[in-house]
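# Coordinates in review
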Amino acid sequence: MRTQGGFASATARDTSTTRRGLRAATITLAAAAMLLPMTVVVEAAAPCPAGLTPETSRPIPVRTSATNFSVRVHSVSPVTSPWDIVTGPDGNLWVSGSSSRIARVTTSGTATTFDMRVRELVLSPGSDGNIWYGAANQFGRVKPATGKVTARFGFVGNPNDMTLGPDGNIWYANNPSEFGLPGTDAVGRISPTGQIDHFGPVSYAPFFVSPGPDGNIWFTSKNGGGILGCVTPFGEITEYDPPGFGAPEGITKGPDGAIWITERGADRIARVTPAGSYRAYALPQEFEEPIAIEAGADGNLYFTLFGCFCPEILTNVVGRLTPDGILTEFMLPDQLNPLAVVAGPDEKMWFTAPATASVFVLEDFEPCTITGTDRDDLLIGTPGRDVICGRAGDDVIDGLGGDDVLIGGIGSDTVDYSSSPSAVTVDIGSQTAAGNGNDQIPSMENVIGSAFGDSIVGTARSRSLSGGAGDDQILSPGFGSTAVYGGAGNDTLEGGGSLFSGGDGNDILFGSPQFMDGGNGDDILKIFSEIGCAPSGGCRAAEQLIGEAMITGGPGHDAYDASNIGVGLSVDLATGEVFACLSEPEPGFCEMAISFGIGEIEVVIGTAFDDVITGDDLNNHLLGEAGDDTLDGRGGVDTLDGGLGTDQCTNGETVSGCET
């Protein structure tokens, strides 16, 4: 047997099992003799419950928003897509992901990475003081001080999750079928000396495992409607059908002597006692697909969400649930989207953020100095530092001066800088605002700017972004119900939403809202799509952005600028229609088209392709740009400029760049 840098081969004989009944079936298995010697320490454990006894599923009785926390983020690159995090026996955190590297992270955030020479790893602390990894067909033992692999053990399978059991062995969810690999779906066990046993097969591929409060190992599977399973130290497996096809996924030993699971398929958190009593808590509608769950040192449960990345669904949030069902949400900065969670050696909750190759930890702020109610509140701070906590309701919060912490809480909350004596820079996604002090603004959705030239960035959950007076720049990255108001001044509005309103002044509106209104002044209006992207890089399917749009210039001399569009357009100011054929497989047959309404526009700037632009009875200025364009001024005193290409111009009083 080779241990230093080599493989110690081990095989297991998995005996067949009978299909579980509707409530439970007990499977007694004899694990095969292994090639490696070992001593398995079998702790006294209670029998697995014979079945589940459902209590009435209940909604979350109380829901609040966290009011006194901060987020500290640390990169673990080159670990990619970090999906597992554990607390090691050395007092550090250990992180793995899709790459071959694992990271050792101190509680201060210093990360050191080590190459395991095998990809897609899961981790567990060992009872021997080492860190253990699992990958397809291989386990490894790692010395924490050096990050060196001191032994590798081969087997046939693929561990999806690993945990240290009460017997001193590492238990794992072996699910090779999920990834099309050889092996048997089973619950496995590896001893500190590398002896491997498999108990199974189980009915569906196991996903996650956890030690239970009863001395047994518990596991979940989300497949086939989902099962919850219990394995005794002797290899006896009992499987259960949680009510309602909940598709259990995350699992942890709770602080209350019960097992807690996330039911991703039913949007619930469930509690199972060692006696089999089952109670589910239905999450609020916007909490979709809970995944990981972990007990914290504070006696609560923390969980993460998968969600659909829709504006109405929370994904960038951590949930905390007390054992009696009180839910607290922690709204996070954009792009973190947490996955795995663990209670760290510092008794704080640590999370992986796969999208940013990082980990982060929740930490405390000082207590609230001003606290709202569960209704819609107007909360105003002092010129100094305030910690204002809105709680529930659609609150409006003005911190006045000072470096404030303004926490909206539950609801659609607005941070108000209309009283600011200077311009502000507000970023809802990063939860920061500067200009009238350096503020932190977690759990905020909406913004009211100052009377000066502000820079405002919203999120997909924003309902209203208002610049106020001054020459403002406002970016709305969402494609939902956000309304953007420029207010007085020469404003630039960009992005998506339900409404762009320029207000007074000469504004530039560039985006994909359902309705675009330039307001008073000489405005420029542009729509972007897959065939014409925004400068910030916002590109989406054309039919999503343009299909129901309506743009109107309002009073003033306003321009519709189509120069960013990648196909020729037909624009008719008299009928108020813009049309483009995206796919014309043969002349005269348009397979895919887009169209939208247009009104109160005096100037049209065409594309670089062949356009047909027709004015109305007012005084129009039509510019064909490149391409072979057809321009018709119709009534009024019109200026026609064909631009490059071979252009045809009619009914124009001032004509240039036209060949006929």
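Everything that follows concerns the structure shown earlier in this document.
Anyway, here's the lowdown on the structure attached to this text.

Here is what the cut-offs are and how they apply
Residues numbered from 1 in each chain as written. Predicted model: local features only at pLDDT ≥ 70, side-chain atom pairs only at ≥ 80, totals over all residues. Heavy atoms only, no water. Helix = DSSP H or I, 4+ residues; strand = E, 2+ residues; numbered from the N terminus. Buried < 20%, exposed > 50% of the residue type's maximum accessible area, 1.4 Å probe, protein only. Contact = heavy atoms within 4.5 Å. Polar contact = N/O pair within 3.5 Å; in protein donor to acceptor, adjacent residues only side chain to side chain. Phe/Tyr/Trp six-rings, centres within 6.5 Å; stacked < 30°, edge-to-face > 60°. Pairing = 2+ DSSP bridges. Axes fitted to C-alpha atoms, helices over the stretch in contact; angles between N-to-C directions. 1 Å grid on protein atoms, 1.4 Å probe; cavity = no way out; pocket = protein on both sides within 12 Å on 5 of 7 lines; lining within 4 Å. Points joined across faces, edges and corners; volume = space filled by probe spheres on them. Nonpolar A, V, L, I, M, F, W, Y, C, P; charged D, E, K, R; others polar. Disulfide = S-S within 2.5 Å.

### Comments concerning the overall build of the chain
- Within the chain, the secondary structure is distributed over 1 helix and 62 strands.
- The buried share among the 660 residues of the chain stands at 55%.
- In the chain, the share of contacts with a sequence separation of at least 24, taken over all contacts with a separation of at least 6, comes to 42%.

### Regarding unusual backbone geometry
- A cis amide bond, omega 15°, links Ser77 with the succeeding residue Pro78.
- Counting through the fold element by element, Pro78 comes out in the loop between strand E6 (69-75) and strand E7 (84-87).
- Here the residue pair Gly200 and Pro201 is connected by a cis peptide bond, since its omega of 10° sits within 30 degrees of zero.
- One can find Pro201 in the loop between strand E18 (196-199) and strand E19 (208-211).
- Even without glycine at this site, Asp267 takes up a positive phi of about 55°.
- With respect to the helices and strands, the residue Asp267 is situated in the loop between strand E24 (259-263) and strand E25 (268-272).
- At Glu625, a residue that is not glycine, the phi angle is positive and equals roughly 60°.
- Counting through the fold element by element, Glu625 comes out in the loop between strand E58 (621-623) and strand E59 (630-632).

### Re the environment of Thr432
- Looking at where Thr432 falls in the secondary structure, it is placed in strand E41 (residues 432-434).
- Put simply, Thr432 and Leu406 are 26 residues apart on the chain and 9.7 Å apart in space, counted from C-alpha to C-alpha.
- If sequence neighbours within four positions are ignored, Thr432 has contacts with Thr425, Val426, Asp427, Asp439 and Ile441.
- Within the local environment of Thr432, its side chain forms a polar contact with the side chain of Ser430, the two groups lying 2.9 Å apart.

### A short note on the packing of aromatic side chains
- Under the defined criterion, the tally for this structure stands at 12 aromatic pairs.
- Pairing Tyr560 with Phe596 gives two aromatic rings, centres 5.9 Å apart and planes at 80°, and the pair type is edge-to-face. Within this pair, whereas Tyr560 is found in strand E52 (residues 559-561), its partner Phe596 is found in strand E55 (residues 592-599), the two being separated by 36 residues in sequence.
- Assessed through its relative accessible area of 1%, Tyr560 is described here as buried.

### Quick notes on the sheet that holds strand E9 (residues 101-105)
- Pairing is antiparallel across the open sheet formed by 4 strands, whose spatial order is E7-E8-E9-E10. The open sheet is flanked by E7 and strand E10 (111-115), the only strands paired with a single partner. Neighbour-to-neighbour, the strand axes of the sheet open up by a mean angle of 25°, direction not taken into account.
- For E9 and E10, the ladder comprises 5 bridges, and the chain directions are antiparallel. For Val105, the partnering residue across the bridge sits in E10 and is Ala111.

### Some words on empty space enclosed by the protein
- Taken as a whole and judged by the stated rule, the model has 1 cavity of 30 Å³ or more.
- The computed volume of the largest cavity comes to approximately 40 Å³.
- Forming the walls of the largest cavity are Gly126, Ser127, Asp128, Trp132, Gly168, Asn169, Ile170, Ile190, Ser191 and Pro192.
- Split by residue class, the lining of the largest cavity holds 4 nonpolar, 5 polar and 1 charged.

### Notes on the state of the cysteines
- Here the structure, examined in full by the defined rule, presents 3 disulfides.
- Between the sulfur of Cys368 and that of Cys389 lies a disulfide, 1.9 Å long from S to S. On the sign convention where negative means left-handed, the S-S torsion of about -90° between Cys368 and Cys389 marks this disulfide as left-handed. Taken together, the residues Cys368 in the loop between strand E33 (358-364) and strand E34 (370-371) and Cys389 in strand E36 (residues 387-389) connect sequence positions 21 residues apart.
- The buried category is assigned to Cys389, whose relative accessible area is 1%.

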